[in-house]
Amino acid sequence: GVLVGCLAVNREFEIGRALITGCVHPQHRRKGIATKLLTKGLHSIRASGIQSAQVSVLESNTGAKSFLKQMGFTRIRYFAELRLDTNTIRLTDIREDAITSRRLEPGEANLLTQIQNRCFAGSWSFNPNIEEEIAYRLNMQSRTPQDVILTYEARHLVGYCWTIINSQENESRAEKIGRIHMLG
């Protein structure tokens, strides 16, 4: 009767892929729980007609990488995590003429949805965003529409930068840690 693990499957029917996330409480690991969860998830994915399942794992998580390899997963790509101390660099001035930028306002999830879909259409594993999903993500804990900077050329939306302040990391460190969540 105690929750010790979970698995979530996000099916992307448009591209025939399912994204899997999950965890098992540290005190309950190495008891076969992850294997059972993942096996049930994979059966569910197969039953829905999807032929590809993906999991994202931190490079430092050797236990998860080993487990997933044993379950038959193979590496398909690497993500780089880069860090920049903004206090030690010299930022150049940005010329404001034909290019302008502004922060996203509440109620403008449609703009972010449109530019994301335009920026990433045709790229590897693209799955179109919907406005409701973007609105939900913009309003998650510690996030606001103001975290997104929209860039215009003349009056045409041509790019965006979505930043996130990671409050969990900030609790354990003295400095604030921000992330460029998405850039397009």
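Refer to the preceding data block for the structure.
Please read these numbers as outputs of a predicted model, since none were measured by experiment. (Residues numbered from 1 in each chain as written. Predicted model: local features only at pLDDT ≥ 70, side-chain atom pairs only at ≥ 80, totals over all residues. Heavy atoms only, no water.)

Looking at the side chain of Arg17
This is how the line gets drawn: The way it works is that DSSP assigns letters per residue, a run of H or I at least four long becomes a helix, a run of E at least two long becomes a strand, and they are numbered from the N terminus. Any N or O atom pair separated by 3.5 Å or less is treated as a polar contact, with the protein-specific requirement of one donor-capable and one acceptor-capable atom, and with residues adjacent in sequence counted only for side-chain atom pairs.
Mapping Arg17 onto the fold places it in strand E2 (residues 17-24). Here Glu12 takes part through its side chain, which lies 2.5 Å from a polar atom of the side chain of Arg17.

Examining the environment of Ser48
Applicable threshold: The buried label goes to any residue with under 20% of its type's maximum accessible area, the exposed label to any with over 50%, and the partly exposed label to all in between, with areas taken from a 1.4 Å probe on protein chains only. Any two residues whose heavy atoms approach within 4.5 Å at even a single point are treated as in contact.
Tracing the chain through its elements places Ser48 in the loop between helix H1 (33-47) and strand E3 (52-55). Taking the relative accessible area as the measure of exposure, Ser48 reaches 27% and is therefore partly exposed. The residues contacting Ser48, other than those within four sequence positions of it, are Arg11 and Phe13. Within the local environment of Ser48, its side chain forms a polar contact with the side chain of Arg11, the two groups lying 3.4 Å apart.

Quick word on unusual backbone geometry
Although it is not a glycine, Arg30 sits at a positive phi angle of roughly 65°. Notably, Ala154 is not glycine yet its phi reads approximately 60°, a positive angle. Within the element layout of this structure, Ala154 appears in the loop between strand E5 (148-153) and strand E6 (156-165).

Here's the deal with the environment of Ile130
Relative to the helices and strands, Ile130 is located in the loop between helix H3 (109-120) and helix H4 (131-138). When the C-alpha atoms of Ile130 and Thr113 are compared, they prove to be 6.4 Å apart, with 17 residues separating the residues in sequence.

Remarks on the sheet that holds strand E1 (residues 5-12)
Going by this rule: Two strands form a pair only when DSSP identifies at least two bridges running between them. All axes here are fitted lines through C-alpha atoms, helices being fitted over the stretch that makes contact, and every angle between N-to-C directions spans 0 to 180 degrees.
Spatially, E1-E2-E3 is the arrangement adopted by the three strands of the open sheet, whose pairing is mixed. Edge positions in the open sheet fall to E1 and E3, since each of these has one partner strand only. The sheet shows a mean angle of 25° between the axes of neighbouring strands, direction not considered. In this sheet, E3 lies alongside E2 in parallel orientation, the contact comprising four bridges. Looking across to E3, one finds that Ile20 is bridged to Val55. Strands E1, E2 and E3 of the sheet are contacted by H1, whose axis makes an angle of about 20° with E1.

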